[in-house]
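Spelled out from the first residue to the last, the chains are:
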Amino acid sequence: MNGRVKGMMAFTAILLGYFMALLDTTIVNIALPEMMRHFAGTVSEISWIMNGYNLAFAALILTASRLADQFGRKKVFLLGVALFTLSSLFAGLSTSLGMLILFRTIQGLAGAIIVPVTIPLTTTSFPKEKHGIIIGLWGAIAGLAAASGPSLGGVITEKLNWQWIFYVNVPLGVLSMVLILLFIQESRDESAGKSVDYGGMLSITAGMLLITYAFIKANDFGWDSGEFYALIGAGLLCIVLFFFVQQRVKEPMLPLALLKIKAFNGTSLALFIVGAALSNLALLTSFFLTRVMGMTELKAGLVLSTVAAGSIVSSAVSGGLSNKCGSRWFGAVGALTICGSLYSMSFLHADSPLADIILRLFIAGIGVGMTMAPVMSAGIRHVPQEKVGIASGIINMAKSIGSVLGVAIIVTLLQQNLSGEMQTAQTRVLERVKGDVLLMPFVKEVLVGVINEQGSQLRNGSGSGIQEEMLAAKIIKDLETAAATLGPEQQKAFVSARESQTEEIKVLLSGVDAELKNASVKGFGQTFIYASFMSLPGIIFAWMSDKRRKRKIQNTSAGYRTDLA
């Protein structure tokens, strides 16, 4: 078997493990309602199926990177894939919610081992001139895994059951392990000693754990609560202790010289912003499609997967070109495209054509591919080869924290915007109902109660969209219940006026439906705009992620060469 085939088989092994770890950050979301029914759990309890994974992933990613650099990336990667495969099997076999959360947390630990090791394993498996193309493909797989999770999860849950979301990882993991053993060569950071920096590992793990937990619980605790500030303060104190330890130990887990490289810092900050932007796009769009447009979760997941299509196309192209031409233009234009796509989503309405939504998401995917692969490639290119492992850990940690923080902020903004718009709309609708001279008093009371309930559901995101037929059915049901409590004379009056009361309700409902739906659209539109503005710093950081290239001009007649900026 020639070297090229071996290299591609090694790359396949790496991508299989990487795809599994990233896919499981999104594929589970769509099956959460089914899991809640299966285990009879609450929303708060079920949320820890995701929170446990995210906490373990963010807290341990840097530690895993360092251990891989010290003791062998192939060994650590194989351990991560094996642990991920086994935890997936037992997650599917879980007989209680606690058992499922435990194995999801172990999955997060395994994911933290797998993800940062993929880049150094990839760069050591291929010559340097191929790194741009290979990292472009790596970025395409990242986009595919992140965006296809909801659609795959929906199909698997609908056609099989939620357990198969985890079982599907088992054959992928086994195949990856076989290919790892056969085709991947061992590599490590030869400048790293064997001494384990326990102080650094404990302090950075504790710091990331506390900060990530604070952002996950920010909306429950409140952004101005003592609990939130205490967690953030304790996390920052651990981070300060981490840097103190790094300056004192002989073999620190994080070479502080890396933080003096401008391009590397730009890469980390750019992917921090991109991580937040991607999470915001996925969350806001999925809620808009299901809650406002009334799509099923499966259809919404399939629509969202168009982001992956755009990302695959642009990652495969921009990765190789950025290695030759530089990454700063690709990254900056890609980040600008993401911002523009988020802003364009604010123009959608409840009856927007599906083609309009797909086009916007496809363009967003192009922006993601133009940013992720070139910026990551630049960040790796500007650090010493032996430090690629720990550098990859820092970059992926930044992206992970950005995702968690982005979701925490955008959920708060969405709730505030929906609450404000819905309150205004409700006030107008209720004034119209109360001022109606044709409706009987008890009918008005029923209408007011239903309108308040619908508005409350839309403000907190628990509603499934506003549909006039559903509102009418609920009002009729509530009217029958209320009428049964009336006295004989009032019941007689209602029976004789039922037809006129029903017609007047239909007239009012047409206005209620439009009013509340428009308010919901406005709330989402404002939040998309905020998400776009939050992504703007990514343009600057992406520009910082690479150095300005110099053109070399050879003057053969004069016998000298000049470098032009």
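Quick note: structure is the one above.
Anyway, here's the lowdown on the structure attached to this text. (Residues numbered from 1 in each chain as written. Predicted model: local features only at pLDDT ≥ 70, side-chain atom pairs only at ≥ 80, totals over all residues. Heavy atoms only, no water.)

Points about the nonpolar core
Heads up, the condition is: We call a set of buried residues a nonpolar core when its members are Ala, Val, Leu, Ile, Met, Phe, Trp, Tyr or Cys and they connect through side-chain atoms within 4.5 Å of each other. A 1.4 Å probe rolled over the protein chains alone gives each residue an accessible area, and that area as a share of the maximum for its type sets the label: buried under 20%, exposed over 50%, partly exposed in between. Comment: elements are numbered from the N terminus, with helices defined as DSSP H or I runs of at least four residues and strands as E runs of at least two. The contact rule is simple, with two residues in contact once any of their heavy atoms fall within 4.5 Å.
The biggest cluster of nonpolar side chains holds 128 residues, and the ones touching the most others in it are Val28 and Met35. With 14 residues, helix 18 (residues 388-434) is the largest single contributor of residues to this core. Residues contacting Val28, with those up to four places away along its chain left out, are Met35, Ile49, Met50, Arg104, Ile165 and Phe166. One finds Leu439, Met440, Val448 and Leu508 within the second-largest nonpolar core, a separate group that totals 20 residues.

Some points on the side chain of Asn417
Take Asn417: it is sitting in helix 18. Assessed through its relative accessible area of 10%, Asn417 is described here as buried. Other than its neighbours up to four places away in sequence, Asn417 contacts Gly523, Gln526, Thr527 and Tyr530.

Regarding the packing of aromatic side chains
How we decide: Centres within 6.5 Å are what make two rings of Phe, Tyr or Trp a pair, Trp counting through its six-membered ring; a difference in plane orientation under 30 degrees is then read as stacked, over 60 as edge-to-face, and the rest as tilted. The criterion for a charge sitting over a ring is simple: Lys NZ or Arg CZ within 6 Å of the ring centre, and within 35 degrees of the ring normal.
Evaluation of the coordinates by the stated rule reveals 16 aromatic pairs. Centre to centre, the rings of Trp164 and Tyr167 are 5.3 Å apart; their planes meet at 85°, and the pair counts as edge-to-face. With Trp164 and Tyr167 both in helix 8 (residues 164-167), this residue pair falls 3 residues apart, about one helical turn. Considering the side-chain rings of Tyr213 and Phe221, the 6.4 Å spacing of their centres and the 65° angle between planes classify their relative orientation as edge-to-face. Assessed through its relative accessible area of 27%, Phe221 is described here as partly exposed. Here the aromatic cluster, defined as three or more aromatic residues joined through ring pairs, consists of Phe215, Trp223, Phe228 and Tyr229. Looking at Lys217, its charged tip hangs above the ring of Phe221, at a distance of 5.9 Å from the centre.

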